Amino acid sequence: MMTQPTSRTAADSHDVIEVRGARENNLADVSLDIPKRRLTVFTGVSGSGKSSLVFGTIAAESQRMINETYTAFVQSFMPTLGRPDVDGLRNLSAAIIVDQERMGANARSTVGTATDAHTMLRIVFSRLGDPYVGTSSAFSFNNAEGMCPECEGLGRATQIDVEELVDRDRSLNEGAVTVPNFAVDSWYWKVLAGSGFVDPDVKLRDYTEQQWEDFLHKPATKVKSAGLNTTYEGLLVKVQRLYLSKDKESLQPHIRAFVDRAVTFSTCRACEGTRLAPAALSSRIRGRNIAECSAMQISDLAAFVREIDDPSVAPVLAALRDILEALVEIGLGYLSLDRESTSLSGGESQRVKMVRHLGSSLTDVTYVFDEPTVGLHPHDIRRMNDLLLQLRDKGNTVLVVEHKPETIEIADHVVDLGPGAGAAGGRVCFTGDVAGLRASGTLTGRHLDHRARLREDVREPTGHLSITGANQHNLKDVDVDIPLGVLTVVTGVAGSGKSSLIHGSLPGRDGVVVVDQSAIRGSRRSNPATYTGLLDPVRTAFAKANGVKPALFSANSAGACPTCKGIGVTYTDLAMMAGVASVCEECAGKRYTPEVLTYKLRGKDISEVLAMPVAEARQFFTTGQARAVLDRLADVGLGYLGLGQPLNTLSGGERQRLKLAIHMAEKAATYVLDEPTTGLHLADVDQLLALLDRLVDAGNTVVVIEHHQAVMAHADWIIDLGPGAGHDGGEIVFTGTPAELVAKSDSLTARHLREYVA
């Protein structure tokens, strides 16, 4: 039989994504081709433009074009995405962003529900559980049939102190309700006061029993209020729905403070925290109910599921096994399916999302990852690399923003941006394969094989900080001494117990300052200038130069643009999805009134000064308090950061370095840092090590939770946890100098560090 030679059709010619003239943020008219169905890694120092190219241009345009395929009616409910500043983008495919944003703000979401593993487990229990209790929905805590009737499937009881919600000595008209957003004349207040169930002029303590019941507990009821048809709910019912069914961390600071004050949470007594109705808990497979399975460590659950063999559910069992084994493979075997999604770290969230996509039958899509190795030990990075390659081998285009050499080395194609950060970056320094990058002479190329050496002379401790009997989470009554006056690195695979040991034992002790990557409260209005106190001397300088009052130069005070209230953008709240920010048309994003912008300091107005990156501002403010703050920001590697950049746009690593810059001005004794290398280029890691040395040499103690081998090699003392993750971890497997670790230990850390320094 003869086979016709296949000719290359036009459809096969679209094998690169063409980017032409990209100018988003600091990109300097970037044009390049990115191969499709390959793994491309984007490298460059922080602020060089990697995210602007990958997320702000390629992924943003892909998502915008997909949104445009919906009908005008559907689009009216969706955020209006602006077109990125680029001349042309061709051959895009649908982009799926797998980032480190925490997963949802929903107290009902768990690792099991987020990965569909819980859905499959429910199906298995509905078929094989004994006694039989009904369909799979009877095992769902998010379904009326399966949820515990007491706590409605949340697993916890909430006790609300009514005295924190109301002042009984006032009437509604006098402002009796003290809950946030219920002030007199607000919409919520109008519904309460105009419902007809109570008299708004009567003091609360004079209500009849029925009125008090209606006021606090009445379920949702249709009423006419202020001439409009609306729904009335008792105050307790409404507070429960508005504030208590959401993850506390997602609430605004003043509402979180109210919840802390008014509510006590405890495990639901009826279901003992399992969230499920008695019938669902009665059904068992091999002696275990679904709640016990969900509470098991995933690696143990995978073994348990492998033992179940029943042809009636064979396809579901196979799919469940695949998901559980993928979670173990990606280094999340120490989690359990009942773990709340909101409690996962950024890196864990990203890996959970990744598992969802591995099982997807979609192909020929573009997956975009943001530093997928964050929070991973070198041992876990190898597994992560395998998964990135698996996604590529399914026929997908995989784009990864990454700094770790282990991941750069598996790339088919590398795009290196730079040469510097901010205005000094935004250009393509190299594109090609890894061998070409090594030979290219770019900053990344030169540092790819750069290895920090073991410290030749380790510092001697001046004393010890003792931790005894630590047993939080998976820790097994750990006793350990942390040396004072030196640089200590705490390491171990993901889930080995590092954070539990350090964050569970050190905060709150005298002189201990914890500098982590958590979000900075109220960060939409705040920026590096306000957060570090830099704005005070700047406002004073402007006021002095122009003979006016300093308050004019605060965007939160007298000089604020009245339209956007000094934020520079206006937010549109879309009830059922994320809100949208658009640049304020009145001040064009400058945040101040036109009058304020007429006042200059050495030729610049206040909005021009706040638009400067730290490095440029250091040349503008050469003395005094302002210069001291700017020097500290430069010291922590934030020279590229704009003074007026909203804090909610910073990455976890940037937030941590910003907090560190502030704490450096204080007289602390012990600094606790959590993965300070997150988001740092290989060249910047050297700068960070020099900074840690300066802190220690000034008489401080520095304790760093870290996986980066350069930091391990540079330490005076190492505490290694393991040997594995979850219940296979939680023990100290080594304490000593890095040199002793390399020479004597056989832990996973020791093996990788030996290879690194060799």
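In case you missed it, the structure is sitting above this.
Residues numbered from 1 in each chain as written. Predicted model: local features only at pLDDT ≥ 70, side-chain atom pairs only at ≥ 80, totals over all residues. Heavy atoms only, no water.

K.L.:
Quick question: what am I supposed to make of the side chain of T749 here?
P.N.:
By the element assignment, T749 lies in helix α28 (residues 748-757). A relative accessible area of 3% means that T749 is categorised as buried. Side-chain polar atoms of T749 contact the side chain of H377, separated by 2.9 Å. Setting aside residues up to four positions removed in sequence, T749 forms contacts with H377, T491, G492, M712, D720 and L741. (Helix = DSSP H or I, 4+ residues; strand = E, 2+ residues; numbered from the N terminus. Buried < 20%, exposed > 50% of the residue type's maximum accessible area, 1.4 Å probe, protein only. Polar contact = N/O pair within 3.5 Å; in protein donor to acceptor, adjacent residues only side chain to side chain. Contact = heavy atoms within 4.5 Å.)

K.L.:
Even after reading the chapter, I still don't get the packing of helix α7 (residues 235-244) against helix α8 (residues 253-262), so can you show me in this structure?
P.N.:
How two helices pack is summed up by the angle between their axes together with the distance between the axes. Relative orientation of the contacting elements α7 and α8 amounts to 125 degrees, with a least axis distance of 11 Å. Between α7 and α8, the angle falls in the class oblique. Every pair of crossing elements has a handedness; the one defined by α7 and α8 is left-handed. Contacts between α7 and α8 involve V239, Y243 and L244 from the first element and I255, F258 and V259 from the second. (Axes fitted to C-alpha atoms, helices over the stretch in contact; angles between N-to-C directions. Parallel < 35°, antiparallel > 145°, perpendicular 65-115°, else oblique. Left-handed = near helix turned anticlockwise from the far one by under 90°.)

K.L.:
Please clarify how the layout of surface pockets should be interpreted in this entry.
P.N.:
To find leftover empty space, one rolls a probe the size of a water molecule over the atoms. The computed volume of the second largest pocket comes to approximately 640 Å³. In terms of lining, the second largest pocket is formed by 19 residues, of which the most central are E150, C151, E152, T158 and Q240. Residue assignment for the lining of the second largest pocket shows that the elements contributing at least two residues are β6 (156-160), α7 and β9 (263-267). Broken down by class, the residue content of the lining of the second largest pocket amounts to six nonpolar, six polar and seven charged. (1 Å grid on protein atoms, 1.4 Å probe; cavity = no way out; pocket = protein on both sides within 12 Å on 5 of 7 lines; lining within 4 Å. Points joined across faces, edges and corners; volume = space filled by probe spheres on them. Nonpolar A, V, L, I, M, F, W, Y, C, P; charged D, E, K, R; others polar.)

K.L.:
Teacher, can you tell me more about unusual backbone geometry here?
P.N.:
If a residue is not glycine, its phi is most likely negative; likewise, a peptide bond is most likely trans. Geometrically, the link from D130 to P131 is a cis peptide bond, its omega value of 0 degrees lying close to zero. Within the secondary structure layout, P131 lies in the loop between α4 (117-128) and β6. Of note, the amide linkage connecting G418 to P419 takes the cis form, showing an omega dihedral of -5 degrees. As for its placement among the helices and strands, P419 is situated in the loop between β12 (413-418) and β13 (427-432). Its identity as a non-glycine residue notwithstanding, N181 has a phi of 75 degrees, on the positive side. Tracing the backbone through its elements, the reader meets N181 in the loop between β6 and α5 (187-193). Unusually for a residue other than glycine, H473 sits at a positive phi of about 50 degrees. Along the polypeptide, H473 turns up in the loop between β14 (463-470) and β15 (478-484). Here H473 falls in the exposed class, since its relative accessible area comes to 66%.

K.L.:
Which parts of the structure should I look at to understand empty space enclosed by the protein?
P.N.:
For the structure on display, the rule yields four cavities of 30 Å³ or more. Volume-wise, the largest cavity comes out at about 60 Å³. By residue class, the composition of the lining of the largest cavity is two nonpolar, five polar and three charged.

So, to be careful, I would describe these as geometric facts and stop short of saying anything about function.
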